[in-house]
Amino acid sequence: MTAREQTTVAELDTQAFALMGRLHVILRRQTGRITDIEYMRIDPQYCRHVLGIASQVESEDLHHICERLQEIYFGPDGLFVRQPPKPPLLGRMGAPVHATTVDAPVPSAGSRTGTPLPPGAAGQPDDIDRAYIGRLR
Amino acid sequence: MKICIASRLVTSTLLVVALHATPAIAQQSIAAEPPATASGLVAPAESSSVPFAPATLRADQPAAQPPSASLPDASPARPMLVDASAISAGDTAWMLTSTALVLLMTIPGVALFYGGMVRKKNVLTTMLHSFVAVCIVSVLWAVVGYSIAFSPGNAFIGGLDRFMLHGLAFVKEAGKLTVHPILPAIPESVFMMFQMTFAIITPALITGAFAERMKFSAMIAFIALWSVLVYAPVAHWVWDPQGWLAAAGVLDFAGGTVVHINAGISGLVAAIIIGPRTGFGKEPMPPHNLTLTVIGASLLWIGWFGFNAGSAGAADGRAGMAMLVTQLAAATGALAWMSVEWARRGKPSVLGLASGAVAGLVGITPASGFVGIGGALVIGAVAGVAAYWASTSLKAMLGYDDSLDVFGVHAVAGIVGALLTGVFAVKAIGGVDGNIALQAIGVVATAGYAAVATMLILAIVDFTIGVRVAPEHEQNGLDIQEHGEHVL
């Protein structure tokens, strides 16, 4: 994936995160339904399911949000189309501990939304942060 | 128990100070001082290692300086009362300006430079270290530091003639004021203030070594003790004509030894004794705002003109040369660091360029009144490369946590500058030739004393107050834990 594509993915992911936050609040207010935003980001089936429920609710705002999320995730260049879905959280919990404490990049300001940044790509925020382990300069 | 002992120490110090403070200091001094006779006016420094010495001998000395100013005096040089007409207005104006410039280096220069390099949770306390250093050292310098450094004593320590600035006087009606023999053409008050700003910045530099983990109260105690027990004696050795290193011919124009090696070595010792920050070597500790650091480095660069050109002690040709070589060394230091970093890591960093400039400035400091253009270019470049190596490779090799690389930048570039002063000193500029062996003696003596004295001071502070914050305080950040404030 080129740097430009990585940037596009990061932007789409940020947009989706914000939209899902709004969707969560509206659904809870109007229907009492609780949604899991993180799970929507990693599971296409669950994402489709929530969007289906949301589109049946009478709310113009909610419909706009659903359309946009549909495009971001399932459009021709959607996030679930561009890259394979991430494993579900429960599956990731079963992964070896060292994989998260040692190999996983340290979270940084640039990856607050959880946007996957390719490991080892020089110049990425995670990489820069790791450069400050044990030294300042 | 620790707080009780510390409290008693502070109380007894304040009592001593209060007992010695009298409102009639000026009158006493006038009565005590001998009349301004020809023989009593000036004893020019014999060694050119005293940065200001040539100012008393230069050819373009203004007419305001009395002819008797060049008469030698066998007795130790001591401040004296002179007629106001002996003061050079031009020199005084430049020294007042230089004093303000050097103070600018500490606040806000060092405060911003260091503040940008720490994590956000520690920025306020880091900046406060520089600010409080100004307050503490200003008072201590007036009470005892200046006297220990610049009043007659022996080869290793000055006397207490100027305790509480006793004898420093300005009497407008009589048209009299005191001058220091090192710089007889400016008021002693200005000389004392100029020297005070050097005394201030030195411990402020050290605070970068133990940033993000030292108790604020312990830091205050450390700065106070270090300023009196380490800085003042070393300043006496190197800059007072009586000092043993000055007498030996060690060259240090503006503080490569007294300020930078002294601070860098002390910082390294403090960093080792206090121990690494929690998580050092395991988690990233990136600088939170390099914009602040660049602004701080820029202010340091500008202030350094007061530091080096001001150390000429006069507004003259030597000050001009010092300013010129300072500019060149700073530029070559930055370029050298940038080049090495670019070659090794593929990118020139902002922090690297700022650090290289500071390294170049540190390197040229001891040499600024002695070397020419070629010397400045070489010293700046070598200092930049050496500081880069020390702050990256050497630090990784030895594993110490000198948080902001006080040792790597100040001690290493200072040592490079001190030694190369012995190589590149030009007699036509500074009046003396260099001697690298003598310079090495100066480096070793200062480094050895600074290391041992810092260890002892930290042992005392640790015993009485405790030097290190609790691990959970370190985790939460010193801004909120030590000061109840934080940056959003």
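Because the structure is a prediction, the values reported are computed rather than measured. (Residues numbered from 1 in each chain as written. Chains lettered and ligands numbered in written order. Predicted model: local features only at pLDDT ≥ 70, side-chain atom pairs only at ≥ 80, totals over all residues. Heavy atoms only, no water.)

J.: Explain the overall build of chain B here, please?
T.: Looking only at helices and strands, one finds 18 helices and three strands in chain B. Residues classed as buried in chain B amount to 59% of the 488 residues present. Sequence separation of 24 or more characterises 79% of the internal contacts of chain B that already satisfy a separation of 6 or more. (Helix = DSSP H or I, 4+ residues; strand = E, 2+ residues; numbered from the N terminus. Buried < 20%, exposed > 50% of the residue type's maximum accessible area, 1.4 Å probe, protein only. Contact = heavy atoms within 4.5 Å.)

J.: Just checking my understanding: could you explain the interface of chain B and chain A for this structure?
T.: Where interface size is given, it is often the accessible area lost as the parts come together that is meant. Contact residues are listed per partner, giving 22 residues for chain B and 10 residues for chain A. Both sides together, the interface formed by chain B and chain A hides about 1,300 Å², and carbon and sulfur atoms give 61% of it. The tally of links from chain B across to chain A stands at one salt bridge. Across the salt bridge formed by Arg137 of chain A and Asp405 of chain B, the nearest N and O atoms sit 2.8 Å from each other. Looking at the side of chain B that touches chain A element by element, the count peaks at three residues for helix 13 (residues 373–398) of chain B. Its residues assigned to classes, the side of chain B that touches chain A shows 11 nonpolar, five polar and six charged. (Buried area = accessible area lost by both parts, 1.4 Å probe. Salt bridge = Lys/Arg side-chain N within 4 Å of Asp/Glu carboxyl O. Nonpolar A, V, L, I, M, F, W, Y, C, P; charged D, E, K, R; others polar.)

J.: Teacher, can you tell me more about the sheet that holds strand 2 (residues 170–171) of chain B here?
T.: Paired through their backbone hydrogen bonds, the strands of a sheet run either parallel or antiparallel. Residue and element names in this part refer to chain B. Spatial strand order, 1-3-2: three strands in an open sheet with antiparallel pairing. In this open sheet, the two edge strands, each paired with only one partner strand, are strand 1 (80–83) and strand 2. Sheet analysis places strand 2 next to strand 3 (residues 176–179), joined by two bridges and oriented antiparallel. Within strand 3, the residue paired with Val171 across the bridge is Lys176. (Pairing = 2+ DSSP bridges.)

J.: Teacher, can you tell me more about a nonpolar patch on the surface here?
T.: All names here are of chain B. On the surface, Ile273, Val452, Met455 and Leu456 cluster together to form a nonpolar patch covering roughly 360 Å² of accessible area. Structurally, Ile273 is set in helix 9 (residues 256–274). Residue Ile273 is classed as partly exposed on the basis of its relative accessible area of 40%. (Patch = residues over 30% accessible without salt bridge, like charges linked within 9 Å, V, L, I, M, F, W, Y side chains within 5 Å. Areas by Shrake-Rupley, 256 points an atom, 1.4 Å probe, with all protein chains shown as cover.)

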